[in-house]
Amino acid sequence: IFVKGKEIPFKRLTLNDWKHIITNMEIKKIVRRLWMEYLLVWLLSLGIVVLYETGVMEEGTWAHDGRICYVLQTVTILLTLCLIPVSLKMFSAVLNKRVLPLENAEFKLLSYLHWSEVRLALMAIVALIGLSVYYTTLSSIGGLCALVGLLASLFCLPGEEKVKNELNLNNDEV
């Protein structure tokens, strides 16, 4: 078994070696789960596009009513302006104030997972509502807001090294 880059016979593993192995396994599970959720957001967005483009859902439902179009577009713009910066800034603030002070690596990982899911959910809300407004009002404003939400989600791409760096888990802890 390799621990911290060194090969160690299975029988000579210490408690710290086992903690290192288990923490790395937990990080891999969390990254895998975040990737699945990330892909789900993109697939849901693609699903909405496919449903509208194939005619399963009717396009331009509210295009004839100027007031409703204005309200929907305004709400979409406000959601985008509020949720995207909040989700990106909130994550780093919560990471510093609530996650990093935790002593236990497992609690850090679970808290990191929770707040990563919250951040991705906020971006998904913007993307899905933006796409819906785009197709129901036939106005490009909703599409632009959905694009902003999806592009912002690219900042949330999960990775093992990213998790270790953001949680300050060096090789001694992991």
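Right above here is the structure, for reference.
This section reports on the structure supplied with the text. (Residues numbered from 1 in each chain as written. Predicted model: local features only at pLDDT ≥ 70, side-chain atom pairs only at ≥ 80, totals over all residues. Heavy atoms only, no water.)

1. Side note on the pattern of salt bridges
Moving on, step 1. Here the structure, examined in full by the defined rule, presents 3 salt bridges.
Moving on, step 2. Among the salt bridges present, the one from Glu26 reaches Lys29, with a minimum N-O distance of 3.6 Å. One end of the pair is Glu26 and the other is Lys29, both in helix α1 (residues 15–53) and 3 residues apart, which spans about a single turn.
Moving on, step 3. On the accessibility criterion, Glu26 (26% relative accessible area) is partly exposed.
Moving on, step 4. Residues Arg33 and Glu37 are paired through a salt bridge, measuring 3.2 Å at the closest nitrogen-oxygen approach. Taken together, the residues Arg33 and Glu37, both in helix α1 and 4 residues apart, mark about one turn of the helix.
Moving on, step 5. The partly exposed category is assigned to Arg33, whose relative accessible area is 42%.
Moving on, step 6. Bridged by salt links that share partners, the residues Arg33, Glu37 and Glu117 form one connected network. (Salt bridge = Lys/Arg side-chain N within 4 Å of Asp/Glu carboxyl O. Helix = DSSP H or I, 4+ residues; strand = E, 2+ residues; numbered from the N terminus. Buried < 20%, exposed > 50% of the residue type's maximum accessible area, 1.4 Å probe, protein only.)

2. Some remarks on helix α4 (residues 140–153)
Moving on, step 1. Counted at 1.5 Å a residue, the expected span for α4 with its 14 residues is 20 Å, and the 20 Å between its end C-alpha atoms agrees.
Moving on, step 2. Buried within α4 are the following residues: Gly142, Cys145, Ala146, Gly149, Leu150, Ala152 and Ser153. Viewed end-on, α4 has its buried residues packed into an arc of 160°, placing them on one side of the element. Summarising the geometry of α4, the exposed residues directed more than 90 degrees from the buried face are Ser140 and Leu144. (Expected span 1.5 Å × (residues − 1). Arc of directions from axis to C-beta.)

3. Remarks on the packing of helix α2 (residues 66–99) against helix α3 (residues 105–137)
Moving on, step 1. The N-to-C vectors of α2 and α3 enclose an angle of 170°; their axes lie 10 Å apart at closest approach. It follows from the interaxial angle that α2 and α3 lie roughly antiparallel. (Axes fitted to C-alpha atoms, helices over the stretch in contact; angles between N-to-C directions. Parallel < 35°, antiparallel > 145°, perpendicular 65-115°, else oblique.)

4. Concerning the side chain of Gln73
Moving on, step 1. Positionally, Gln73 belongs in helix α2.
Moving on, step 2. For Gln73, a relative accessible area of 16% translates into the label buried.
Moving on, step 3. Setting aside its immediate chain neighbours within four residues, Gln73 contacts Val133, Thr137, Ser139 and Ile141. (Contact = heavy atoms within 4.5 Å.)

5. Focus: the packing of aromatic side chains
Geometrically, a pair of aromatic rings is defined through the distance of the ring centres and the angle of the planes.
Moving on, step 1. By the definition in use, this model includes 5 aromatic pairs.
Moving on, step 2. Judged by centre distance (5.7 Å) and plane angle (80°), the rings of Trp35 and Tyr38 are edge-to-face. In this pair, Trp35 and Tyr38 are both assigned in helix α1, 3 residues apart and thus about one turn of the helix distant.
Moving on, step 3. Here Tyr52 and Tyr135 contribute two aromatic rings whose centre-to-centre distance is 4.7 Å and whose plane-to-plane angle is 5°, an arrangement assigned as stacked. With Tyr52 in helix α1 and Tyr135 in helix α3, the pair connects residues that are 83 residues apart, well separated along the chain. Comparing Tyr52 with Tyr135 shows no difference in burial state: the two are buried.
Moving on, step 4. Clustering of aromatic rings is evident, with ring pairs tying together Trp35, Tyr38 and Trp42.
Moving on, step 5. The ring centre of Phe91 lies 3.8 Å from the NZ or CZ of Arg119, which sits over that ring. (Phe/Tyr/Trp six-rings, centres within 6.5 Å; stacked < 30°, edge-to-face > 60°. Lys NZ or Arg CZ within 6 Å of the ring centre and 35° of its normal.)

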